[in-house]
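Here is how the chains run, residue by residue.
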Amino acid sequence: MPLTDVKIRQAKAAARALKLTDGGGLYLEVKPNGSKLWRYRYEIAGRENVFAIGAYPETSLVDARRERDAARVLVKQGMHPAHERAKRRDTQLAANAETFRANAEEWIEAHRARWTPYYVSQIESYFARDVYPRIGRRPMRTITAADVLEILEAVAGRGAEAAAINIRQWISSVFRHAVARLRADSDPAAALRGAVIRPPVQHARPLDRDGIRDFARRLESFGGNRATAIALRLLLLTFVRTVELRKAAWSQFDLDRRLWAIPPANMKMRRIHLVPLSGQVLTLLQELRTITGSGPWLFPNTRRPKDVMSATTVNRALEYLGYASAEVTGHDFRATASTALHEMGFRTELVELQLAHAKKDRTAAAYNHAKYLPERAEMMQRWADWIDEITQPDDSPPGPGSTQTPPTPPRGSRGRA
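Here we summarise the structure given alongside this text. (Residues numbered from 1 in each chain as written. Predicted model: local features only at pLDDT ≥ 70, side-chain atom pairs only at ≥ 80, totals over all residues. Heavy atoms only, no water.)

1. Some remarks on the pattern of salt bridges
Part 1 of the argument: Per the stated rule, a full pass over the model turns up 26 salt bridges.
Part 2 of the argument: The shortest N-O distance in the salt bridge between Glu105 and Arg101 comes to 3.0 Å. A residue pair is termed a helical-turn pair when its members lie 3 or 4 positions apart in one helix, as Glu105 and Arg101 do in helix H4 (residues 100-111) at 4 residues.
Part 3 of the argument: Notably, a salt bridge pairs Asp307 with Arg304, separated by 3.4 Å at the nearest N-O pair.
Part 4 of the argument: On the basis of relative accessible area, Asp307 is assigned to the partly exposed category, the value being 33%.
Part 5 of the argument: Ionic contacts of the salt-bridge type, sharing partners, join the residues Asp22, Arg65, Arg68 and Asp69 into one network. (Salt bridge = Lys/Arg side-chain N within 4 Å of Asp/Glu carboxyl O. Helix = DSSP H or I, 4+ residues; strand = E, 2+ residues; numbered from the N terminus. Buried < 20%, exposed > 50% of the residue type's maximum accessible area, 1.4 Å probe, protein only.)

This is the structure in structure tokens:
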């Protein structure tokens with residue numbers, strides 16, 4: 001008699017396995033531990049075989065009969081159902097490996113060691129938000145230029161043209177990775193080069209003398225986190241890149257030698273960079289040590305103490321000070337220092353070395369991070385002193401941005417390299 005769901009549910013486990021027959025070779029095996037398993041008994045070439053269909057109730061009576069019927073068709077053709085199921089699984093696994101997401105993740109892993117954590121995070125974030133939802137599960141050979149264009153237009157449509165251009169380049173790299181492994185035939189993203197127009201570059205804008213005074217005045221009344229206020233002041237005094245300050249560790253500082261050695265991993269050009277510390281910077285660091293000195297980072301993340309300050313903290317703090325979005329950014333302090341130091345008469349070579357700008361010729365390999373260090377130290381102290389001078393209430397000394405003559409630089413510093 002065929003089985004029913006009621007009979008199956010009422011079946012009790014015994015000391016030995018029970019077999020409840022349904023018909024056509026299908027039966028339910030009730031194990032002593034209470035599990036109920038569907039089995040299909042069949043013969044090929046005179047030899048009896050058993051095909052494991054699944055477990056009840058995950059596989060219902062209706063599903064088990066459907067699987068049995070499909071298996072009987074295979075048996076009539078002399079094929080073992082278990083072999084065919086394994087073959088289908090292998091085919092599916094191979095298809096999974098050919099999806100865009102699988103190839104993208106493989107491409108990222110292949111380059112992770114030589115990319116910065118931030119760059120990896122940037123790629124993964126954009127892919128997760130803008131790319132995977134649209135083509136992540138698609139086999140590489142089914143993705144067309146139209147599919148990629150749809151992604152780029154959606155990203156550019158929200159005002160992120162630069163991000164759209166990067167995404168096209170990353171997608172193109174994933175396809176080239178797949179083509180080299182015979183998982184794709186071509187790169188549909190290559191045809192879309194130029195499909196999104198890069199917006200005009202917003203160059204860093206230097207603050208003039210009055211702008212520096214206004215910034216200092218606003219910072220004095222900053223009601224936010226004191227460590228963040230110190231970070232803003234240090235950006236002005238050291239004019240390092242924001243990421244270099246965010247990742248600053250106490251172990252990088254030699255306060256006795258008044259020197260900050262930024263490791264290559266934190267630098268844009270991947271080479272060590274020395275920052276001479278003025279007396280004003282030392283005073284700020286001594287205060288900061290009482291706030292964050294118990295941990296490894298100068299500026300730990302307030303929510304994740306084991307991590308560093310968020311990439312957006314500085315710009316959010318500037319907005320808190322009353323600067324409109326993009327009116328003043330952390331990078332503008334570098335342009336401010338460059339303009340002012342040149343106006344003060346310091347040699348271009350000194351300024352460029354301290355800004356850690358890359359040389360445009362092939363002699364960059366001979367870069368000496370300690371070159372002109374005494375002169376750079378004197379320049380950094382003069383810079384800090386001038387900042388103090390123009391931000392004092394009486395504000396009598398002249399400086400860059402004023403109509404009066406700027407301070408005379410030290411002997412040997414005047415002129416351009």
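2. Quick word on empty space enclosed by the protein
Part 1 of the argument: Taken as a whole and assessed by the stated rule, the structure comprises 1 cavity of 30 Å³ or more.
Part 2 of the argument: If you add up the space inside the largest cavity, you get close to 40 Å³.
Part 3 of the argument: Every residue along the wall of the largest cavity is listed here: Leu234, Thr238, Leu245, Phe253, Trp260, Leu277, Val281, Leu285 and Leu298. (1 Å grid on protein atoms, 1.4 Å probe; cavity = no way out; pocket = protein on both sides within 12 Å on 5 of 7 lines; lining within 4 Å. Points joined across faces, edges and corners; volume = space filled by probe spheres on them.)

3. A look at the packing of aromatic side chains
Part 1 of the argument: For the structure shown, the criterion picks out 17 aromatic pairs.
Part 2 of the argument: Measuring from centroid to centroid gives 5.2 Å for Trp107 and Trp115, while their planes differ by 70°, and the two rings are edge-to-face. Both residues of the pair, Trp107 and Trp115, belong to the buried class.
Part 3 of the argument: Judged by centre distance (6.4 Å) and plane angle (55°), the ring pair of Trp250 and Phe253 falls under tilted.
Part 4 of the argument: Of the residues examined, Trp250 reaches a relative accessible area of 8% and is grouped as buried.
Part 5 of the argument: The class of Phe253 is buried, set by a relative accessible area of 13%.
Part 6 of the argument: Aromatic rings pair up to connect Phe100, Trp107, Trp115, Tyr119, Tyr126, Phe127, Tyr132, Trp170 and Phe175 into one cluster. (Phe/Tyr/Trp six-rings, centres within 6.5 Å; stacked < 30°, edge-to-face > 60°.)

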